[in-house]
Amino acid sequence: EAQVTQNPRYLITVTGKKLTVTCSQNMNHEYMSWYRQDPGLGLRQIYYSMNVEVTDKGDVPEGYKVSRKEKRNFPLILESPSPNQTSLYFCASSLGGVGTDTQYFGPGTRLTVL
Amino acid sequence: QKEVEQNSGPLSVPEGAIASLNCTYSDRGSQSFFWYRQYSGKSPELIMSIYSNGDKEDGRFTAQLNKASQYVSLLIRDSQPSDSATYLCAVKGDFGNEKLTFGTGTRLTIIP
């Protein structure tokens, strides 16, 4: 089954404790992206990756890191989480290019930073 | 100025009626336009994509695009209670720019 998976689905942590949210897709997609979703602010892009070893900042990259060492995986790293990073996070992937650019979303990770 | 704007709602529509959702965007170079449906606590699910001016129909859903006026709309005919969700408009830029920009969404409630 074609899908984007994220782990963990729920996470409660404390300020300053490094964490990683994993994202994996099995569709051989070139493009992967991380979003956070907050009430009233919609989905905002954190980072994206056009291909292996190619990443770039989205609209709200502060406090986050990513890496793309393999095509299928795109982990999101919070080196020192803070309460303002409490949010619902989505990973997404797409093949890329007009007409084949549907983005498929993972199930989401609800993160609470105390 | 927001890049993609939607009325946040809530929009209430009687069951069986037509729900009309609107979206405007600021980047004239945008090439791809999408409507996603999102149930509370769930991930966005693509329901329509449209790339050229005019209407595109898929079952009970019709997407309309007017690039000159920079707006996209979604019509849902014969609205069902299961259509109650938040609808997100998303816009992608020029060819080669894969960034997807989302509106904040319109919350739709279908009243039985």
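Residues numbered from 1 in each chain as written. Chains lettered and ligands numbered in written order. Predicted model: local features only at pLDDT ≥ 70, side-chain atom pairs only at ≥ 80, totals over all residues. Heavy atoms only, no water.

### Looking at the overall build of chain B
Looking only at helices and strands, one finds 0 helices and 11 strands in chain B. Along its sequence from the N terminus, chain B presents helices and strands in the succession β-β-β-β-β-β-β-β-β-β-β. In summary, chain B has a C-alpha radius of gyration of 13 Å against a globular reference of 13 Å for 112 residues, a match within 12%. Considering only C-alpha atoms, chain B reaches an extent of 45 × 30 × 20 Å along its principal axes. Taken across its 112 residues, chain B has 43% of its residues classed as buried. Restricting the contact set of chain B to residue pairs at least 6 apart, pairs at least 24 apart contribute 54%. (Helix = DSSP H or I, 4+ residues; strand = E, 2+ residues; numbered from the N terminus. Rg over C-alpha atoms; globule rule 2.2 N^0.38 Å. Buried < 20%, exposed > 50% of the residue type's maximum accessible area, 1.4 Å probe, protein only. Contact = heavy atoms within 4.5 Å.)

### A closer look at the interface of chain A and chain B
The interface is formed by 23 residues belonging to chain A together with 21 residues belonging to chain B. Of the roughly 1,700 Å² buried at the junction of chain A and chain B (both faces included), carbon and sulfur atoms supply 57%. If you look at where chain A meets chain B, you find 0 salt bridges. Across the chain A-chain B interface, the total number found is 3 residue pairs in polar contact (both at pLDDT 80 or more). Looking at the side of chain A that touches chain B, the elements that each hand over two or more residues are β4 (31-38), β5 (42-51) and β9 (87-94) of chain A. No other element matches the 4 residues that β5(A) contributes to the side of chain A that touches chain B. (Buried area = accessible area lost by both parts, 1.4 Å probe. Salt bridge = Lys/Arg side-chain N within 4 Å of Asp/Glu carboxyl O. Polar contact = N/O pair within 3.5 Å; in protein donor to acceptor, adjacent residues only side chain to side chain.)

### Things to note about the state of the cysteines
Enumeration over the complete set of coordinates arrives at 2 disulfides over all chains. Between the sulfur atoms of Cys23(A) and its disulfide partner Cys91(A) the distance amounts to 1.8 Å. Taking the sign of the S-S torsion, -70° for the link of Cys23(A) and Cys91(A), the bridge is left-handed. One end of the pair, Cys23(A), is in strand β3 (residues 19-25); the other, Cys91(A), is in strand β9, and 68 residues separate them in sequence. Of the residues examined, Cys23(A) reaches a relative accessible area of 2% and is grouped as buried. Residue Cys91(A) is classed as buried on the basis of its relative accessible area, which comes to 0%. A sulfur-sulfur distance of 2.1 Å marks the disulfide that ties Cys23(B) to Cys89(B). An S-S torsion of about -70° defines the bridge between Cys23(B) and Cys89(B) as left-handed. (Disulfide = S-S within 2.5 Å.)

### A word on the pairing of strand β4 (residues 32-38) of chain B
Residue and element names in this part refer to chain B. Counting buried positions along β4 yields 7 of 7 residues, so the element is predominantly enclosed. Residue alternation in β4 divides its side chains into two sets, Ser-32, Phe-34, Tyr-36 and Gln-38 and Phe-33, Trp-35 and Arg-37, and both sets are buried. Inspection of the sheet shows β4 paired to strand β9 (residues 85-92) by 7 bridges, in the antiparallel sense. From the neighbouring strand, Arg-37 faces β9, where its bridge partner is Tyr-87. Where β4 folds back on strand β5 (residues 45-50), the antiparallel hairpin that results is connected by 6 residues, among which Gly-41 adopts a positive phi of roughly 80°. (Pairing = 2+ DSSP bridges.)

### Some words on a nonpolar patch on the surface
Residue and element names in this part refer to chain A. Judged by side-chain polarity, Ile-12, Val-14 and Leu-114 come together as a nonpolar surface patch covering roughly 320 Å² of accessible area. Checked against the element boundaries, Val-14 lands in the loop between β2 (10-13) and β3. Residue classification places Val-14 among the partly exposed residues on the basis of a relative accessible area of 44%. (Patch = residues over 30% accessible without salt bridge, like charges linked within 9 Å, V, L, I, M, F, W, Y side chains within 5 Å. Areas by Shrake-Rupley, 256 points an atom, 1.4 Å probe, with all protein chains shown as cover.)

By themselves these figures say nothing about function.
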